[in-house]
Amino acid sequence: MVVDPLSLAVPGVRGLRPYEPGKSIEELEREYGISNAVKLASNENPLGPGPKALAAIRHWLPELGRYPDGNGFALKGALADKFAVVPEQLTLGNGSNEVLALIARAFVLPENEVVFSEHAFAVYALVTQAVGATARVIPTRDWRHDFEAMTRAINPRTRVVFIANPNNPTGTWAARQELEEFLQATPTDVLVVVDEAYFEYVDERDYPNTIPWLGRFPNLVVTRTFSKVHGLAGLRVGFGVSRPEIADLLNRVREPFNVNSLALTAAQAALSDDAHVSQSVAMNRAGMVQLSQAFSDMGLAYIPSVGNFISVDVGRPGAEVYGQLLREGAIVRPIANYGMPNHLRVTVGLTEENQRFLDTLRKIL
Ligand SMILES: *Cc1c(COP(=O)(O)O)cnc(C)c1O
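### Remarks on the site of the ligand
- In the vicinity of the ligand, the residues found are Gly-95, Ser-96, Asn-97, Phe-121, Asn-168, Asp-195, Ala-197, Tyr-198, Thr-225, Ser-227, Lys-228 and Arg-236.
- In the environment of the ligand, an oxygen atom lies 2.7 Å from a nitrogen or oxygen atom belonging to the backbone of Ser-96.
- A distance of 2.7 Å separates an oxygen atom of the ligand from a polar side-chain atom of Asn-168.
- Relative to its free-state accessible area of 390 Å², the ligand is covered by the protein chains to the extent of 93%.
- Its residues assigned to classes, the shell around the ligand comprises three nonpolar, six polar and three charged.

### Thoughts on the pairing of strand E13 (residues 340-347)
- Burial analysis of E13 places six of its eight residues in the buried class, which makes it a mostly covered element.
- Here five bridges tie strand E10 (residues 309-313) to E13, and the two strands are oriented antiparallel to one another. Within E13, the residue paired with Val-312 across the bridge is Leu-344.
- Relative to E13, strand E12 (residues 333-335) runs antiparallel, the two sharing three bridges.

### Quick look at the side chain of Arg-254
- With respect to the helices and strands, Arg-254 occurs in the loop between helix H10 (244-253) and helix H11 (261-271).
- Buried charged residue Arg-254 carries no salt bridge. Nearest counter-charge: Glu-98, at 7.1 Å.
- Within the local environment of Arg-254, its side chain forms a polar contact with the side chain of Asn-251, the two groups lying 2.7 Å apart.
- A distance of 2.9 Å separates the side chain of Arg-254 from the side chain of Asn-258, its partner in a polar contact.
- Not counting residues within four places of it along the chain, the set of residues in contact with Arg-254 comprises Gly-70, Asn-71, Leu-92 and Leu-102.

### Focus: a nonpolar patch on the surface
- On the surface, Trp-60, Leu-61 and Leu-64 cluster together into a nonpolar patch covering about 270 Å² of accessible area.
- Counting through the fold element by element, Leu-64 comes out in the loop between helix H4 (51-60) and helix H5 (73-83).

### Regarding the packing of helix H13 (residues 318-327) against helix H14 (residues 351-364)
- For the pair H13 and H14, the least separation of the axes is 10 Å and the interaxial angle reads 120°. By the angle between their directions, the pair H13 and H14 is classed as oblique. For the pair H13 and H14, the crossing hand works out as right-handed. Contacts from Val-321, Gln-324 and Leu-325 in H13 reach Phe-357, Thr-360, Leu-361 and Ile-364 in H14.
- Here the residues of the contact of H13 with H14 are counted per class, giving five nonpolar, two polar and no charged.

### Some thoughts on helix H7 (residues 122-130)
- Turning to H7, its buried residues number three or more, namely Val-123, Tyr-124, Val-127 and Thr-128. The buried residues of H7 occupy an angular sector of 135° when projected down its axis, which confines them to one face.
- Residues of H7 that are buried sit in contact with helix H6 (96-107), strand E3 (113-117), strand E4 (134-138), strand E5 (158-164) and strand E6 (191-195).
- Of the residues flanking the end of H7, it is Gly-132, one or two places downstream, whose phi is positive at about 75°.

### Topic: the domain arrangement of the protein
- Taken domain by domain, the protein consists of domain 1 (5-48 + 275-364) and domain 2 (51-271).
- Centre-to-centre separation of domain 1 and domain 2, based on C-alpha positions: 23 Å.
- The interface of domain 1 with domain 2 comprises 32 residues on the first partner and 30 residues on the second.
- Carbon and sulfur atoms make up 67% of the area that domain 1 and domain 2 hide from each other, which totals about 2,400 Å².
- For the interface between domain 1 and domain 2, the tally reads one salt bridge.

The rules behind the values
Residues numbered from 1 in each chain as written. Predicted model: local features only at pLDDT ≥ 70, side-chain atom pairs only at ≥ 80, totals over all residues. Heavy atoms only, no water. Near = heavy atom within 4 Å. Polar contact = N/O pair within 3.5 Å; in protein donor to acceptor, adjacent residues only side chain to side chain. Areas by Shrake-Rupley, 256 points an atom, 1.4 Å probe, with all protein chains shown as cover. Nonpolar A, V, L, I, M, F, W, Y, C, P; charged D, E, K, R; others polar. Buried < 20%, exposed > 50% of the residue type's maximum accessible area, 1.4 Å probe, protein only. Helix = DSSP H or I, 4+ residues; strand = E, 2+ residues; numbered from the N terminus. Pairing = 2+ DSSP bridges. Lys, Arg positive; Asp, Glu negative; His and termini not counted. Salt bridge = Lys/Arg side-chain N within 4 Å of Asp/Glu carboxyl O. Contact = heavy atoms within 4.5 Å. Patch = residues over 30% accessible without salt bridge, like charges linked within 9 Å, V, L, I, M, F, W, Y side chains within 5 Å. Axes fitted to C-alpha atoms, helices over the stretch in contact; angles between N-to-C directions. Parallel < 35°, antiparallel > 145°, perpendicular 65-115°, else oblique. Left-handed = near helix turned anticlockwise from the far one by under 90°. Arc of directions from axis to C-beta. Domains from an automatic or database assignment. Buried area = accessible area lost by both parts, 1.4 Å probe.

Printed below as a string of structure tokens:
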């Protein structure tokens, strides 16, 4: 008799459903026998990596026989300079996704609770479930975090609160004052993780940069990534910033060489490529106008977004429209699993990619 491994798995893992990534262009072209598909499904930068990152990668290729620097000395130094922190405050991850998982692993027990918002980034639920803890999911208000309700949900079992600012897939953001008040109201034995994956895209006067708040809030952890505006999603590199004592614990559970050497060198180069960041942000802004105006013209309600993606209500099950778009070679993201069954999340692409998607959508609706 062979034992079903399911019965051997730890409870958190037994109930786990893996993260569903967006379909890749290769997968779609293989399945449908089409060519020139557009992918607007994973919030990637349509311009890809910048010239500085690419040059750094090429330069490093002959060194690939060696292990990466397990402490990420050079990248941490560059990040510390850029954000006016010390290297001891940094935790590098295989994507910021890994940093979120490390936080759960280092701090959350099965008897603990983790608080996050409805329609929040799917990884918060996954990392909570993986350690067997209980998720407290707080309903949104107008697609935004309800910080008062989140404060009320915190109890002695709460260990971590995850906040995406801006949030994916809603694209909504929290203002300086509400976030600051939330942090002030949160006991310091509860970690508050502010996930700023789309930080560079946001251009709102009241949008907070929370890294300078680290001195005031000992329980704050800020995460950022090179996957979005820096165009390095395929290399997997992100980081957390916290006080050194927290970073030390996260670094204890981290695997020794969790960030590969191409990612380390590319990220370091990307940090100083201001031209690529501004070009990417400008491109995104134009594409956001293009998409939102077209949605308005089609009479579709969308959620105004400050990220590099926008969620639109297609007035019927998003999964259906998603399937029809696929057959025409446009990949977007159905988000029923985020509790948004009639919405599709569309990543802002190049002008012609956006147009191709919009023309197809118009045809279908
Ligand atoms: C994309 C994204 C991330 C990070 O992804 P990595 O590629 O793992 O760095 C984190 N948080 C949110 C809200 C995201 O949308």
